[in-house]
Amino acid sequence: MSQKNISNFIIKESISLTDKYQLMILECTEEAKAFQDIKPGQFVQIRVDNSHHTFLRRPISINDVDIENRTLTLLIRKAGDGTKAICSLSQGDTLNLIWPLGNGFSVDITPASRIILMGGGVGVAPLLYLGKILRMYGLKPEFLLGAQSSDDLLLLEKFKEIGTVHISTDDGSLGEKGLVTRHSVLSTHIDKIYCCGPLPMMKGVAALCKSNNIDCEVSLENVMACGVGACLCCVEPTVKGNRCVCTEGPVFNINELLW
Ligand SMILES: Cc1cc2nc3c(=O)[nH]c(=O)nc-3n(C[C@H](O)[C@H](O)[C@H](O)COP(=O)(O)OP(=O)(O)OC[C@H]3O[C@@H](n4cnc5c(N)ncnc54)[C@H](O)[C@@H]3O)c2cc1C
Ligand code: FES
């Protein structure tokens, strides 16, 4: 298990991708060795100092890591008060983070494997760093990204730098029209799927993988409070009993879940 840190980060850049999504690049102000230990799929818990209604920290996936410059990138959807308050901060402001949290995706796969990284909506966030790490291991990850419309497809150019990108949109404005779980690439040979997105999408992918014998990991976004295994509000029933998503997840192999 990697060491957990509570650190202040300075906002180096805060980029409004659309009115709903913000990309934030944060630089650690303290000497922290944890950057090289970060696993793709891990997350941070952000203290929200500038909202009177948000008492608990908010969990956000690590979208990218720059070890040399000690920066973390986060992709944030403005869902409610907490995330809106975080996104309203500007360059030079400070955020307090507990990091890195959770288990992360496993990357122990053979070089010949055909791997699909599948994301829906803001669920694409942890797949960028995962793709980079898989590339570093000599693999050729492909992305399958789904969204309601082309405006909701985030960071496309960054994904294209790492691997082939397949797209589905509900309204057909880009890529194949329809649900991402029905994209034609899913009827070709695949060894492993990593998936993060809305629950119905992940359950659909899990069913498809089970019936086609495809190895599959999903990243759950159960509502969290403490983020460190103390409050038990994030538990997920699994074949091994109830498990805390914040400490024993957020990533689970689908065979562990009671889906
Ligand atoms: C491990 C993990 C990683 C996550 N990574 C990201 C990320 O990279 N980018 C991102 O934008 N969001 C991410 N989320 C979701 C994010 O944490 C929630 O959107 C956020 O906590 C909502 O807080 P709020 O104060 O803005 O909204 P609230 O006012 O608390 O809630 C607004 C709406 O969001 C819903 N909501 C609250 N908490 C969650 C949750 N945990 N998951 C889904 N919906 C929720 C509420 O039911 C409500 O409908 C992640 C969640 C988890 C558990
Ligand atoms: S959020 Fe408290 S135990 Fe997981």
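Located above this text is the structure these notes cover.
Calculation rules
Residues numbered from 1 in each chain as written. Chains lettered and ligands numbered in written order. Predicted model: local features only at pLDDT ≥ 70, side-chain atom pairs only at ≥ 80, totals over all residues. Helix = DSSP H or I, 4+ residues; strand = E, 2+ residues; numbered from the N terminus. Buried ≥ 20, exposed ≤ 12 C-beta atoms within 10 Å, placed from the backbone. Contact = placed C-beta atoms within 7 Å. Core = buried A, V, L, I, M, F, W, Y, C linked by C-beta atoms within 7 Å. Domains from an automatic or database assignment. Near = placed C-beta within 6 Å. Nonpolar A, V, L, I, M, F, W, Y, C, P; charged D, E, K, R; others polar. Pairing = 2+ DSSP bridges. Axes fitted to C-alpha atoms, helices over the stretch in contact; angles between N-to-C directions. Right-handed = clockwise from strand over helix to strand, strands pointing away.

(A) Local environment of the environment of valine 251. Assignment of secondary structure puts valine 251 in strand S16 (residues 251–253). The exposure class assigned to valine 251 is buried, which follows from the 25 C-beta atoms found within 10 Å. With 26 residues separating them in the primary sequence, valine 251 and alanine 225 have C-alpha atoms 18 Å apart. Filtering out sequence-adjacent residues up to four positions away, valine 251 remains in contact with Gly41, Asn103, Gly104, Phe105, Glu217 and Ser219.

(B) Structural view of the nonpolar core. Ranked by size, the top nonpolar core spans 67 residues in total, and within it Val44, Leu75, Met118, Ile193, Cys195 and Val205 carry the most contacts. Here this core gets six residues from one element, more than from any other, and that element is helix H2 (residues 127–136). Viewed by domain, this core spans two of them, domain 1 (5–101) and domain 2 (115–219), each represented by three or more residues. Non-local contacts of leucine 75, meaning those with residues more than four positions away in its chain, are made with Tyr21, Leu23, Asn63, Val122, Ala125, Leu154 and Leu155.

(C) Geometry of the site of ligand 1. Near ligand 1, the surroundings consist of 21 residues, among which Ser61, Gly80, Gly82, Thr83 and Ala125 are the closest. Contributing elements (two or more residues each) for the shell around ligand 1: strand S4 (58–61), strand S6 (71–77) and helix H1 (81–87). Sort the elements by how many residues they give to the shell around ligand 1 and S4 lands first, with four residues. When its residues are assigned to classes, the shell around ligand 1 shows eleven nonpolar, six polar and four charged.

(D) Highlighting the sheet that holds strand S12 (residues 192–196). What the seven strands build is an open sheet, ordered S11-S10-S9-S8-S12-S13-S16; its pairing is mixed. Each edge of the open sheet carries a strand with a single partner, namely strand S11 (176–177) and S16. Sheet topology places strand S8 (residues 115–120) next to strand S9 (residues 142–147); five bridges connect them, and they run parallel. From the neighbouring strand, glycine 119 faces S9, where its bridge partner is leucine 145. Relative to S8, H2 is tilted by about 170°, and along the sheet it contacts S8, S9 and S12.

(E) Region of the structure containing the pairing of strand S10 (residues 165–169). Of the pairings in the sheet, the one linking S9 to S10 comprises five bridges and is parallel in character. Residue phenylalanine 143 lies in a different strand from S10, and its bridge partner there is valine 165. Once the chain exits S9 it traverses helix H3 (residues 156–162) before rejoining the sheet at S10, and the crossover so formed is right-handed. As paired elements, S10 and S11 share two bridges and run parallel to each other. Opposite serine 168, over in S11, you have glutamate 176 as the bridge partner.

(F) How the structure looks around unusual backbone geometry. Residue proline 100 is bonded to the preceding tryptophan 99 through a cis peptide linkage, with omega at -15°. With respect to the helices, strands and loops of the structure, proline 100 is situated in strand S7 (residues 94–101). Note that the residue after glycine 249, namely proline 250, is joined by a cis bond; omega there is 10°. Within the secondary structure, proline 250 sits in the loop between helix H5 (245–248) and S16. Of note, leucine 155 is a non-glycine position whose phi angle comes to about 60°, a positive value.

(G) How the structure looks around the sheet that holds strand S5 (residues 64–66). Taken together, the seven strands give an open sheet; going across it, the order is S4-S3-S7-S1-S2-S6-S5, and neighbouring strands pair in antiparallel fashion. Two strands bound the open sheet, and with one partner strand each, they are S4 and S5. Between one strand axis and the next, the sheet turns through 35° on average, direction left out of account. Examined bridge by bridge, strand S3 (residues 43–47) and S4 share four bridges and lie antiparallel to one another. Its bridge partner lying in S4, phenylalanine 43 is registered against serine 61.

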